[in-house]
Amino acid sequence: DQQVKQNSPSLSVQEGRISILNCDYTNSMFDYFLWYKKYPAEGPTFLISISSIKDKNEDGRFTVFLNKSAKHLSLHIVPSQPGDSAVYFCAPLWEGAQKLVFGQGTRLTINP
Amino acid sequence: DVKVTQSSRYLVKRTGEKVFLECVQDMDHENMFWYRQDPGLGLRLIYFSYDVKMKEKGDIPEGYSVSREKKERFSLILESASTNQTSMYLCASSLNPLVNGYTFGSGTRLTVV
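Note that this is a predicted model, so its numbers are computed, not measured. (Residues numbered from 1 in each chain as written. Chains lettered and ligands numbered in written order. Predicted model: local features only at pLDDT ≥ 70, side-chain atom pairs only at ≥ 80, totals over all residues. Heavy atoms only, no water.)

K.L.:
Tell me what's going on with the overall build of chain A, and back it up with residues and numbers.
P.N.:
Secondary structure summary: chain A contains zero helices and ten strands in total. Going residue by residue from the N terminus, the α and β elements of chain A occur as β-β-β-β-β-β-β-β-β-β. The C-alpha radius of gyration computed for chain A amounts to 13 Å, which stays within 12% of the reference 13 Å derived for 112 residues, consistent with globular compactness. A principal-axis box enclosing the C-alpha atoms of chain A has dimensions of 45 × 30 × 20 Å. Residues classed as buried in chain A amount to 47% of the 112 residues present. For chain A, restricting intrachain contacts to residue pairs at least 6 apart in sequence, the fraction spanning at least 24 positions comes to 55%. For chain A, the exposed area adds up to about 5,400 Å²; of that, 47% sits on carbon and sulfur atoms. (Helix = DSSP H or I, 4+ residues; strand = E, 2+ residues; numbered from the N terminus. Rg over C-alpha atoms; globule rule 2.2 N^0.38 Å. Buried < 20%, exposed > 50% of the residue type's maximum accessible area, 1.4 Å probe, protein only. Contact = heavy atoms within 4.5 Å. Areas by Shrake-Rupley, 256 points an atom, 1.4 Å probe, with all protein chains shown as cover.)

Below you can see the structure in the form of structure tokens.
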């Protein structure tokens with residue numbers, strides 16, 4: 001029973017364009033939604049998060065949008081840069097559990 | 001900076017061996033976690049611990065056990081390694097996931113032959 005789904009295993013975007021990574025979830029108890037970025041042979045690193053009381057959070061080139069009614073969130077990266085090439089994981093949690101649940105990940109490739 | 005250190009980057013073990021994966025964090029975090037990462041499956045939680053000598057099963061605990069004798073150290077044990085346990089193992093720690101999520105180690109790539 002997958003609570004978190006990232007339906008695109010991979011995404012290829014041209015440098016300078018917008019990258020949009022999507023995430024769907026089923027558990028309405030999730031309070032916070034985090035995005036992690038992972039390079040090969042390294043551990044994931046925290047990128048950006050959003051609380052369930054908001055619908056948008058922006059940090060530089062990164063913006064996360066949350067649509068609670070659709071149980072959907074997306075990460076926008078603009079403009080995309082070659083260093084953004086990595087695997088991105090969506091990871092929601094609910095305050096009661098304090099435990100992240102990870103999606104399957106999307107491998108983003110930025111082409112020069 | 002919080003540092004989570006996993007003792008080995010690469011390990012090769014034989015089927016049936018007992019394997020210990022060690023993880024140490026230096027920021028006095030109470031929460032520690034072990035995940036495995038496999039292609040197409042994302043990160044799956046094996047075990048976690050909210051305090052010393054405390055442990056809870058995650059989503060895929062079968063074939064694994066853990067030990068947390070000290071706050072800073074969380075060990076993952078494969079009692080009898082099998083080839084389906086070949087994977088990337090990631091340790092993480094956190095103080096308050098709501099504030100700053102988890103901090104991960106660099107991972108241990110385990111191959112069981």
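From this point, the discussion proceeds with the structure in view.
K.L.:
Talk me through unusual backbone geometry; I want residue IDs and the actual numbers.
P.N.:
A:Pro79 follows A:Val78 through a cis peptide bond whose omega is -10 degrees. Counting through the fold element by element, A:Pro79 comes out in the loop between strand 8 (72-77) and strand 9 (86-93). For A:Lys71, which is not a glycine, the phi torsion comes out positive at approximately 55 degrees. For A:Lys71, the location among the structural elements is in the loop between strand 7 (62-67) and strand 8. Accessibility expressed as a relative area gives 26% for A:Lys71, which makes it partly exposed. Even without glycine at this site, B:Lys53 takes up a positive phi of about 65 degrees. Of note, B:Lys53 is situated in the loop between strand 6 (42-49) and strand 7 (56-57).

K.L.:
Could you give me a rundown of the interface of chain B and chain A, with the residues and numbers involved?
P.N.:
Many descriptions give the size of an interface as the accessible area lost when the pieces come together. Between chain B and chain A, the residue contacts involve 23 residues of the former and 18 residues of the latter. In this assembly, chain B packs against chain A so that about 1,700 Å² is buried in total across both faces, 60% of it on carbon and sulfur atoms. Looking only at chain B, the three residues that lose the most surface to chain A are B:Leu43, B:Leu98 and B:Tyr102, adding up to 32% of its buried area. Inspection of the chain B/chain A interface yields zero salt bridges. (Buried area = accessible area lost by both parts, 1.4 Å probe. Salt bridge = Lys/Arg side-chain N within 4 Å of Asp/Glu carboxyl O.)

K.L.:
Talk me through the state of the cysteines; I want residue IDs and the actual numbers.
P.N.:
Tallied over the full model, the rule gives two disulfides over all chains. In this model A:Cys23 forms its disulfide with A:Cys90; the gap between the sulfur atoms is 2.1 Å. On the sign convention where negative is left-handed, the bridge of A:Cys23 and A:Cys90, at about -65 degrees about the S-S bond, is left-handed. Here A:Cys90 lies in strand 9 and A:Cys23 lies in strand 3 (residues 19-25), a separation of 67 residues in the sequence. Taking the relative accessible area as the measure of exposure, A:Cys90 reaches 0% and is therefore buried. Paired through a disulfide, B:Cys23 and B:Cys91 show a sulfur-sulfur distance of 1.9 Å. Taking the sign of the S-S torsion, about -80 degrees here, the bridge from B:Cys23 to B:Cys91 comes out left-handed. Taken together, the residues span a long stretch of sequence, with B:Cys23 in strand 4 (residues 23-25) and B:Cys91 in strand 10 (residues 87-94) at a distance of 68 residues. Per residue, the accessibility class of B:Cys23 equals that of B:Cys91, and both read buried. (Disulfide = S-S within 2.5 Å.)

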